[in-house]
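# Architecture at a glance
Residues per chain are reported as follows:
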Amino acid sequence: MIWDNQSETMKRDDITTLQAERLGNLLSRLYKRVPFYRERMEKNGIRPEHVRHMSDLKDLPFTTKEELRTVYPFGMLASDKDDIVEIHTSSGTTGIPVVDAYTAGDINIWGEVMARCLTMAGATRADIIQNAYGYGLFTGGMGVHYGARKIGAMVIPISGGNTKRQLAIMRDFKPTILTCTPSYSLYMAEAGREEDMDFSKVGLKAGVFGAEPWSDSMRKDIQRKLHLKAFDIYGLTEIIGPGVANECSKHEGLHVFEDHFYPEIIDPKTGKVLPDGEKGELVITTLTKEGTPLLRYRTRDITWLNHEPCSCGRTHVRMHRLLGRTDDMLIIRGVNVFPSQIEEVLLKIEEVEPHYQLVVERRDQLDELEVQVEMNENMFSDEIKNLENMEKQISAQLYGILNIHARVKLVEPRTISRSEGKAKRIIDKRPR
Amino acid sequence: MMIKQLSIFLENKKGRLAQVTSTLAKNKINIRALSLADSADFGVLRLIVNDPDRGATSLKKAGMVVQVTDVIAVEISDKPGGLSRVLHLFDRGAINVEYMYAFVEKIKDKAVVIFKIEQPASAIKILKKEGMPLVRSSVLKGL
């Protein structure tokens, strides 16, 4: 099923024409209404009318998260404040939050792109969606909500957290679609197992999981434990929230809704645009956004693009599931390490569950990586030698992938903090 | 002829053992014997309790990783050479002991030793043939 057949299956040439037209409109609006962008354009000698083709985009300046912070809270507005009907912000855990302000038109488009996402996961008006993304300033809850309303599905706006209640609602209302972060879905599976809950009886058919990078093995784990098909969704507060891209039923990448969001991949060091298939930082230009449109926003997310047509019939470019974040990347003894690589290794060992934390320390001028892995009943043995072998086995497999020695430490269950939203994976104790 | 032992995973951290014993105390479960094996980071606590099923459930509820393992409990006479006799029997029968620890027995002048055996069935056969009494789980319940 395709929600918006006309937009989602548009011919490549038509997409490019539409994008160029929308980019032109965007630039003149930014020039007219946002001093931040006008100054930058003037400094670089760019006039909006000079930009005619999508290939001209590469000469325009990037926008970074730090820059958005300098104009907090309303400095990026491209519409009258009276026309703004809703705002969302990032959590602000790493500094001043960034603000996304929506006009009524933006909210409408948000609902449309979210309806595309949910339809990819099989949602129709007959479905019941347990929406366990947080409602509030976080975009997850409201984004799914607007998409579900477009489709006419029944939404259970339970928001995040309160796991016992999530499970009770699941038992009583029998939702067919679950939406939350992937780590929270596993947390629910675990809590349900302790209550002897049989997830095969719930009747979930799909889950739409996002807001943090996750691996293919984690997908298998979630699918097995919750008895559903897991779909990856991508988005970020700065751009619109969830609904920038979503996996179709082929599960070979996430279609980026490029009639609204224009993606580029750049080398994070040089800023040079990279071709299809090459890994780099994802940069997005919002083509239709009215409230707080952004030009070449650096997402810090690492992925690659694939413009080949997809067998699902959609023509929109696909991005690979997130490989990590430029700021999540750990450099340990000169080696780039992404938490997702470690997760892949852990999930390949049958008994191990993906509850882990990475602790990096510097001892005698040398970086040391400790991988803490939570013990569970399936991997537990009452003989010390078996447990020590387990540590050695994990360490050897990590070496095979990362090429650095990691110390593996088995820890008691539930000792690694799981926020009920995003899991905290990295503790970097090295002096800065 | 086997009795149930509880094995609990513990990190080498302050207060972990106390949490196990207080959980058992709260549930009125009596510890009959224990042994603690450890490495640099973690330990495995092995317990013989009067009600292993309830013991395991209450510890799991407290969030611990617990495994129920079958072990053999052998009554031996509490005098020099008592343990040596059993071990020689195992040796001759090519029986491998994975670990063992002693049991506090109040009733008579007997000691009880807990064995985790690689080949439990053959071990039981040998012990029976030699007339060595094995402690049954029903006996533990009453203690």
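The sections below set out a description of the structure shown in this document. Only a predicted model underlies this, so the values are computations on that prediction, with no experimental measurement involved. (Residues numbered from 1 in each chain as written. Chains lettered and ligands numbered in written order. Predicted model: local features only at pLDDT ≥ 70, side-chain atom pairs only at ≥ 80, totals over all residues. Heavy atoms only, no water.)

Turning our attention to the sheet that holds strand β18 (residues 356-363) of chain A. Residue and element names in this part refer to chain A. Here we have four strands laid out as an open sheet, ordered β20-β19-β18-β21, and mixed in their pairing. Among the strands making up the open sheet, the edge pair consists of β20 (406-411) and β21 (426-428). Ignoring which end each strand starts from, the neighbouring axes of this sheet average 20° apart. Note that β18 and β21 share three bridges and pair parallel. Bridge pairing in β21 links Leu 358 to Ile 426. Where helix α10 (residues 339-348) meets the sheet, its contacts fall on β18, β19 (366-374) and β21, and the angle it forms with β18 comes to roughly 125°. Relative to the sheet, helix α11 (residues 384-402) contacts β19 and β20, its axis offset from that of β20 by approximately 140°. (Pairing = 2+ DSSP bridges. Helix = DSSP H or I, 4+ residues; strand = E, 2+ residues; numbered from the N terminus. Axes fitted to C-alpha atoms, helices over the stretch in contact; angles between N-to-C directions. Contact = heavy atoms within 4.5 Å.)

So, on to the interface of chain A and chain B. Taken together, the contact between chain A and chain B spans 19 residues of the former and 25 residues of the latter. Between chain A and chain B, roughly 1,800 Å² of surface is buried when both sides are summed, and carbon and sulfur atoms account for 56% of that area. Taken as a group, Phe380(A), Asp382(A) and Glu412(A) account for 40% of the area that chain A buries against chain B, more than any other trio of residues on that side. Note that Glu412(A) is salt-bridged to Arg16(B), the shortest N-O span being 2.2 Å. (Buried area = accessible area lost by both parts, 1.4 Å probe. Salt bridge = Lys/Arg side-chain N within 4 Å of Asp/Glu carboxyl O.)

In this section: the pattern of salt bridges. Pairs can form between side chains of opposite charge whenever their charged atoms are close. For the structure shown, the criterion picks out 47 salt bridges over all chains. As a salt-bridge pair, Arg224(A) and Asp221(A) come within 2.6 Å of each other at their nearest N and O atoms. Pair noted here: Arg224(A) and Asp221(A) are both in helix α9 (residues 216-226), with a separation of three residues, about one helical turn. Residue Arg46(B) is joined to Asp382(A) by a salt bridge in which the shortest nitrogen-to-oxygen separation is 4.0 Å. On the criterion of chain membership, the pair formed by Arg46(B) in strand β3 (residues 42-49) and Asp382(A) in the loop between β19 and α11 is interchain, its members lying in two chains. In this pair, the class of Arg46(B) matches that of Asp382(A), namely buried. (Buried < 20%, exposed > 50% of the residue type's maximum accessible area, 1.4 Å probe, protein only.)

Residue and element names in this part refer to chain A. Remark: helix α7 (residues 163-173) packs on helix α8 (residues 182-194), axes separated minimally by 10 Å, with the N-to-C direction vectors making an angle of 80°. For the element pair α7 / α8, the angle class is roughly perpendicular. Facing Thr 163, Gln 166, Leu 167 and Met 170 of α7, the residues of α8 in contact are Tyr 184, Tyr 187, Met 188, Ala 191 and Gly 192. Across the contact of α7 with α8, the residue classes break down as six nonpolar, three polar and no charged. (Parallel < 35°, antiparallel > 145°, perpendicular 65-115°, else oblique. Nonpolar A, V, L, I, M, F, W, Y, C, P; charged D, E, K, R; others polar.)

Our next topic: a nonpolar patch on the surface. On the surface, Phe74(A), Ile87(A) and Leu137(A) cluster together into a nonpolar patch covering about 250 Å² of accessible area. Summarising the element assignment, Ile87(A) is placed in strand β1 (residues 84-89). (Patch = residues over 30% accessible without salt bridge, like charges linked within 9 Å, V, L, I, M, F, W, Y side chains within 5 Å. Areas by Shrake-Rupley, 256 points an atom, 1.4 Å probe, with all protein chains shown as cover.)

Residues and elements named next belong to chain B. Summarising burial for strand β1 (residues 3-11): eight of the nine residues are buried, a large majority. Of the pairings in the sheet, the one linking β1 to strand β4 (residues 66-77) comprises six bridges and is antiparallel in character. Note that in β4 the partner of Ser 7 across the bridge is Gln 67. Judged from the six bridges that link them, β1 and β3 form a sheet pairing that is antiparallel. Note on β3: the bridge partner recorded for Glu 11 is Phe 42.

Another point: the nonpolar core. Residue and element names in this part refer to chain A. Among the nonpolar cores identified, the biggest contains 72 residues, and Leu 23, Tyr 37, Trp 110, Tyr 234, Leu 295 and Met 319 are the most heavily contacted of them. Broken down by element, the residue count for this core peaks at nine residues, all from helix α5 (residues 104-120). Other than its neighbours up to four places away in sequence, Trp 110 contacts Glu 86, His 88, Tyr 102, Thr 139, Met 142, Gly 143, Tyr 146, Ile 240, Gly 241 and Pro 242. (Core = buried A, V, L, I, M, F, W, Y, C linked by side-chain atoms within 4.5 Å.)

Bridge count between β4(B) and strand β6 (residues 110-117) of chain B: six bridges; the pairing is antiparallel. The residue of β6(B) that forms the bridge with Ala73(B) is Ile114(B).

All names here are of chain A. Where α7 is concerned, the buried positions are Thr 163, Gln 166, Leu 167, Ile 169 and Met 170. What you see down the axis of α7 is that its buried residues fit within an arc of 160°, all on one side. Exposed residues lying more than 90 degrees from the buried face of α7 are Lys 164, Arg 165 and Asp 172. Turning to α7, the residues buried within the fold contact β3 (128-131), β4 (154-156), β5 (177-180) and α8. Just beyond α7, the residue with positive phi is Lys 174, at close to 50°. (Arc of directions from axis to C-beta.)

A cis amide bond links Tyr72(A) to the next residue, Pro73(A), at an omega of 0°. Locating Pro73(A) in the fold gives a position in the loop between α4 (65-70) and β1. The backbone of Arg414(A) sits at a positive phi, close to 60°, despite the residue not being glycine. Tracing the backbone shows Arg414(A) in the loop between β20 and β21. Of the residues examined, Arg414(A) reaches a relative accessible area of 36% and is grouped as partly exposed. The phi dihedral of Ala94(B) is positive, around 55°, even though this residue is not glycine. For Ala94(B), a relative accessible area of 57% puts it in the exposed group.

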